[in-house]
Amino acid sequence: QVRLVESGGGQVQAGESLRLSCAASGRTIANYRMAWFRQAPGQEREFVGGISGAGAVAIYGDSVKGRFTISRDNAKNTVYLQMNSLEDEDTAVYYCAAGDPPWTVARVPGGYDSWGQGTQVTVSS
């Protein structure tokens, strides 16, 4: 399995931006599809965005489409989540995940078998 460590979370005002990073070690992420999920207290883990191994395919959850962008730098073994126009409802713990095969993207947690510890994002209005 690949080891994942998220960073970049914090507390921001509604309308502001944040960029999350997910640094991988142990394996090259070029061989994995990567995704971001989030989970708010009392809620199920929600798909935010996913990207294929070569970066050719990126898909998003409906609640973040047009505001969030997932990207990857395989040379740096890092995945990013740029979050713009943040809303109160975006408050959650954000998790990075890795899975295979790399040429597809899965929208469900079961499609990934390596997870980071999560980073808290809090948006206040």
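Residues numbered from 1 in each chain as written. Predicted model: local features only at pLDDT ≥ 70, side-chain atom pairs only at ≥ 80, totals over all residues. Heavy atoms only, no water.

Draft legend 1. Structural detail: the side chain of Ser 124. The residue Ser 124 is located in strand 11 (residues 119–124) in this model. Polar contacts involving the side chain of Ser 124 include one to the side chain of Gln 13, which spans 3.4 Å. Sequence-distant contacts of Ser 124, that is, excluding residues within four places in its chain, are made with Gln 11, Val 12, Gln 13, Ala 14 and Asp 88. (Helix = DSSP H or I, 4+ residues; strand = E, 2+ residues; numbered from the N terminus. Polar contact = N/O pair within 3.5 Å; in protein donor to acceptor, adjacent residues only side chain to side chain. Contact = heavy atoms within 4.5 Å.)

Draft legend 2. Region of the structure containing the nonpolar core. Within the largest apolar cluster, 28 residues are counted, with the highest numbers of intra-cluster contacts made by Leu 4, Met 34, Trp 36, Phe 68, Leu 81, Met 83 and Tyr 94. When residues of this core are traced back to their parent elements, those giving at least two are strand 3 (18–25), strand 4 (33–39), strand 5 (46–51), strand 7 (68–73), strand 8 (78–83), strand 9 (92–99) and strand 11. In contact with Tyr 94, other than residues within four places in its own chain, are Glu 6, Leu 20, Trp 36, Phe 37, Arg 38, Val 48, Phe 68, Leu 81, Met 83, Gly 118, Thr 119 and Val 121. In this structure, Phe 37, Ala 97, Ala 106 and Tyr 112 belong to the second largest nonpolar core, which totals seven residues. (Core = buried A, V, L, I, M, F, W, Y, C linked by side-chain atoms within 4.5 Å. Buried < 20%, exposed > 50% of the residue type's maximum accessible area, 1.4 Å probe, protein only.)

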